[in-house]
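Structure assessment
What follows is the residue order along each chain.
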Amino acid sequence: MAVMRMVGARVKRVEDPRLITGQSTYVDDIRMVDMLYGVVVRSPIAHGWIRGIDAARARAAPGVVAVYTAQDLHFDGPLPNAWTLAGVHTSRHDPLCKDKVRMVGDPVAFVVAESRYAARDAADLVDVDYEDLPAVVDVERALQPGAATIWDNAPNNEAFRTEVGDKAATDAAFQRAARTVSLRLVNQRLIPNPMETRGVVARWERGPQQLTVWSSSQIPHLLRTNLAAMLDLPEHRVRVIVPEVGGGFGCKLNIYAEEALTARAATLLHRPVKWIEDRRESFAATTHGRGQVDYVELALDAESKIVGLRTRIVADLGAYAQINTEAIPTLSNLVLSGCYDIPALHSELIAVYTTLPPTDAYRGAGRPEGVHLVERIVDVAAREAGIDPAEFRRRNFIPKDRFPYTSQAGVDYDSGDYEAALDRALEMADYPALRAEQRRVNAGGERLMGIGISSYIELSGFNPSGSGGGIGWESSTVRFEPSGKVTVLTGVSPHGQGQETTFAQIVSDELGVPFEDIVVVHGDTATVQYGMGTYGSRGTAVGGAALMRATDRVRAKAKRIAAHLLEASPEDVVYDGGRLHVGGLPDRAVTIQEVAKTAYLQVDRLPQEIEPGLEATAAFDPTNFTWPFGTHIAVVEIERETGDVELKRMVAVDDCGRIISPLLVAGQVHGGLTQGIGQALFEGAQFDENGQPLTGTLMDYALPLASGLPRFELDHTETPTPVNPLGAKGVGEAGTIGATPAVCNAVVDALAHLGVRDVEMPITAERVWRILQEAERVAVSPGASGARPGVEGGTGR
Amino acid sequence: MIATAFEYETPSSVDEAVARLSELGDRGRVLAGGHSLIPLMKLRLAQPEVLVDIGRLGELRAVREDGDRLAIGALVTHAQLAADATVDRHCRVLAETAAVIGDPQVRNRGTIGGALAHADPAADYPATVLALEAEVVAQGPGGRRTIPVAEFFSGLFSTALAPDELLVELRVPRLGPGSGGAYLKRPNKASHYAVVGVAAVARLAGGRIERLRVGVTGAGAQPVRATAVEQALEGESPSAAAIARAAESAAAGIDCLSDVHGSAEYRAAMTRVYARRAIQAAIGRAGSPSL
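Because the structure is predicted, anything quoted here is derived from the model rather than measured.

Here's the deal with the domain arrangement of chain B
Parsing chain B into structural domains produces domain 1 (7–53), domain 2 (62–172) and domain 3 (182–286). Computed over C-alpha atoms, the centres of domain 1 of chain B and domain 3 of chain B are 35 Å apart.

Description of the packing of helix α5 (residues 220–231) of chain A against helix α6 (residues 257–269) of chain A
Residues and elements named next belong to chain A. Interaxial distance between α5 and α6 falls to 11 Å at its minimum, and their mutual angle equals 55°. Judged on the interaxial angle alone, α6 and α5 are oblique. The handedness of the crossing between α5 and α6 comes out as right-handed. Contacts between α5 and α6 pair L223, L227, M230 and L231 from the former with E259, A260, A263, R264 and T267 from the latter. A class-by-class count of the residues in the contact of α5 with α6 yields six nonpolar, one polar and two charged.

Side note on the interface of chain B and chain A
Interface size is often expressed as the accessible area that is lost when the parts come together. The partner chain A presents 22 residues to the twelve residues of chain B that form the contact. Counted by class, the side of chain B that touches chain A contains seven nonpolar, four polar and one charged residues.

Brief notes about the environment of B:I279
All names here are of chain B. The residue I279 is located in helix α12 (residues 264–286) in this model. Using a count of 32 C-beta atoms within 10 Å as the deciding quantity, one classes I279 as buried. Note: C-alpha distance between I279 and A240 (39 residues apart in sequence) is 9.6 Å. If we skip the residues at most four places from it in the chain, I279 touches A200, A202, L212, V214, I243 and A247.

Comments concerning the environment of A:R367
Residues and elements named next belong to chain A. Residue placement: R367 occurs in helix α9 (residues 367–385). Owing to 25 C-beta atoms within 10 Å, R367 belongs among the buried residues under this scheme. Those residues in contact with R367 that lie beyond four places of it in its chain are L331, S332, V335, E458, L459, E733 and I737.

Focus: helix α10 (residues 389–396) of chain A
An α-helix turns once per 3.6 residues; consequently, residues spaced three or four apart project the same way. All names here are of chain A. Within α10 the residues assigned to the buried category are P389, A390, F392, R393 and N396. Looking straight down α10, one finds that the buried residues subtend no more than 165° of arc, so they occupy a single side. Against the buried residues of α10 lie β14 (306–318), α9, α11 (418–429), α12 (431–444) and β18 (447–457).

A closer look at unusual backbone geometry
Negative phi characterises most residues that are not glycine, and trans characterises most peptide bonds. Residue and element names in this part refer to chain A. Looking along the chain, the bond that leaves F403 and enters P404 is cis, with omega of -5°. Its place among the elements puts P404 in the loop between α10 and β16 (405–406). Each neighbour pair has its own omega, and for M761 with P762 the value is -10°, a cis peptide bond. Among the structural elements, P762 can be located in the loop between α17 (734–751) and α18 (765–780). In this structure, N156 takes a positive phi of about 60° despite not being glycine. Within the secondary structure layout, N156 lies in the loop between β6 (127–132) and β7 (158–165). Overall, the presence of 13 C-beta atoms within 10 Å leaves N156 in the partly exposed class.

Procedures and definitions
- Residues numbered from 1 in each chain as written.
- Chains lettered and ligands numbered in written order.
- Predicted model: local features only at pLDDT ≥ 70, side-chain atom pairs only at ≥ 80, totals over all residues.
- Domains from an automatic or database assignment.
- Axes fitted to C-alpha atoms, helices over the stretch in contact; angles between N-to-C directions.
- Helix = DSSP H or I, 4+ residues; strand = E, 2+ residues; numbered from the N terminus.
- Parallel < 35°, antiparallel > 145°, perpendicular 65-115°, else oblique.
- Left-handed = near helix turned anticlockwise from the far one by under 90°.
- Contact = placed C-beta atoms within 7 Å.
- Nonpolar A, V, L, I, M, F, W, Y, C, P; charged D, E, K, R; others polar.
- Buried ≥ 20, exposed ≤ 12 C-beta atoms within 10 Å, placed from the backbone.
- Arc of directions from axis to C-beta.

Shown next as structure tokens:
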């Protein structure tokens, strides 16, 4: 029987039938007898002292069981911060504010009642006496004298400074340069907006002394470890279950106040407690993404080869250091060489507290910001050097024979062929024809066409444990059941990525069992061995690698059993699909199902030295990150009169290493591109000078819609990584990294003849309209002949 | 996002609903499709004690021809209006307006009466009903009265309706041969409410613009007619140049709003652009082949 290879096949997701027919269980679907409901009382101001909290009226309200303030609850330590860097002015982050609030939405009390409605009504009855302090909203002004101090141990609101590269060499390169270009870029705050907001259910069972916590999280085991520590419970008496999760995008890669509060309330009240975040809370109390002001300079020699890159990154941490808050902007530093052979670079990162929600991982997490500034400055440099942007990139790419390549940012790129991806994207876009069309459209006068290229790299496959606090590894168990069915237990925690499908594809090929006979279990610390969860495009690149190791071990044991049954030596047994036969004698064979049955139910047929059972657990700790790459090309048309930007085409050639599941890869790219385009054109968290959100609901915060997007044109090159046995690099974040600068470069390309070098994101119609108005004004004013308006487009909204 | 507690009533007739509203005074609010009121309640910006749900009153769900007018029941949904053959034949601009409100879910639930009575400054219908010189029929304890829409909108979220009056019907003209209308909007990218929306209704006679009405929504705190534009073009023969010239005064007299979706300056500029486009489209549909 010919066995179809599953890896590489266009398999439909096994997750989808239950998702699209509404048969999944999310946290809010969990109901229990005697369950109570929690509501968080949140600060209405961005910064101020708490002078007093009077919860008496709330405690007396109908249905209220408890109202907790910081005085009432004990935790063994604050919310965790996993990445504390040397010299970081760490902010102590308690689940409830005691003396001071530092952002709108900061938790000050937790109301628990018999119903969600009673809890919500009582929350309005908690009287908090605040003494206002000035808000700190602008990340650069936060550093200046006169700005209010948010943390006493962080003078000037500076959390830390760090740098990469060689300052002296970079300064020298700029001195020798034939040409230098510079830009100031704003990488605006984004709100992650998973379709399912956060939610927690906690149950304390007095008999077994067991706490069970259901949470919409990306990191079940890390949540258990941290919750056990905060609650002072033995870790083996805490079970975390992550049921179906409706998206995370990094914002559920965290340990939140509400998880600790809900669990603590359950242990105190001896009744299950549920807390579900509403959409407004999701805007205010869940971590945000991005939030940088970037200064970037590029130095070129006379042949337009890049000789130096200099950046200064001012990162907005928000009010607290959540679990990865400080780490995110440091990742920007690591990708600053981009796809380019840059002989000297230097970057200084200044991390700053503001009275806004903490920033943390959001799809791409630090890498979109770093790649954006490289891809924007490269585009400007190409234009000012008079070289086509595709040619400029090609001239400066790291050649494919230079891998592994050590960048001046101090990281080792695993493998790459950047020119192949660029060439394929140019071919798909029909680049020369596009340029001709651009000349035609722009001659018409009413519309302006722009073509934007971005060639990106990312570091993925988080992460070699040596480079990240010792926790980057991943685990997997592969278990044959006596019937020959296979259960896979994985330490990753997919929440949309589809590893129930991809891992079954891998196991099907590796063990020769039908795809349908494999089930992938995740997200329950009582059934799954310790693992790190899902983030940083690691699920397949690290979790899949652990899975490969486990299948190797299972196969080896199956051979030993088969050898005994076939009266051959293990070295002579060939594992061929689902059959194990003696080499050269294909008829002397047993099926893997017979082997499994023997291993459990007919162990009398086996010698003593073979243990019963057929399963293996393995872990994998990568020796390096993986380095996916690609080229995206965006085509936009601008309507002069209104400033409307229409995205006409989006071509994406992504190299995520070896592709396991083409349909899932396409799905990941679609979602990533959409969010990347969202940052370029639609999204942006805005606050007034008092730190009050101006985009606090979906009525005002614009997410990208399918109706505003073109049909995506996708292809791939496949350059395997040597870092893991699958050769897979990861694809979850590529779209958000490549698409944003491609779209921005396209808009600037359309406006460059007016002297425009950047348009601040999100590129709204009004921003473009203002640039065009200004250009028109300059063009008609006397004495302006030949003068370029030189607008940066940073004005207006 | 949980509303404060409220009582909920379902009167079985318009008369009963009006009587209850009269008794309740400030404590009561009318619930129709709920697409504006319920979100406000969930944000606790509205905290009515009693919701009087008129949503089941079939008598308010009809579209009728009534002489030279169409009578549209207050509970006609946007989706129903967008698909109604009578409206399409006699007052297409109203159907086109309904078709661009919100998204399919909003259009399936939201009602024309609810939208008008809510008087959101960025709602779509106000521009069109102003340009149509429509009338609103309101029923109160003392019976029914007819309010011209020019007198209906009185500011941000406020109308000429008394607290115990129920909007029961919208009356719009049947646009005959030689007439045409258009509604064009710039939706904001988040909610799809109008940053600016302009409706134009034109009648041509003898190669001239005999009558032109232009309504503007979204730009200011309340919808208004762009009378300066109307006056500049009435009696003129339609030309692109004349329309463009006249549209320059489309924002005159509007105190434009500034918010995250657009500055006052941008709203004013877009009012001019969309006025020009809407007038051109309306005149084109009225039968002028040159536009």
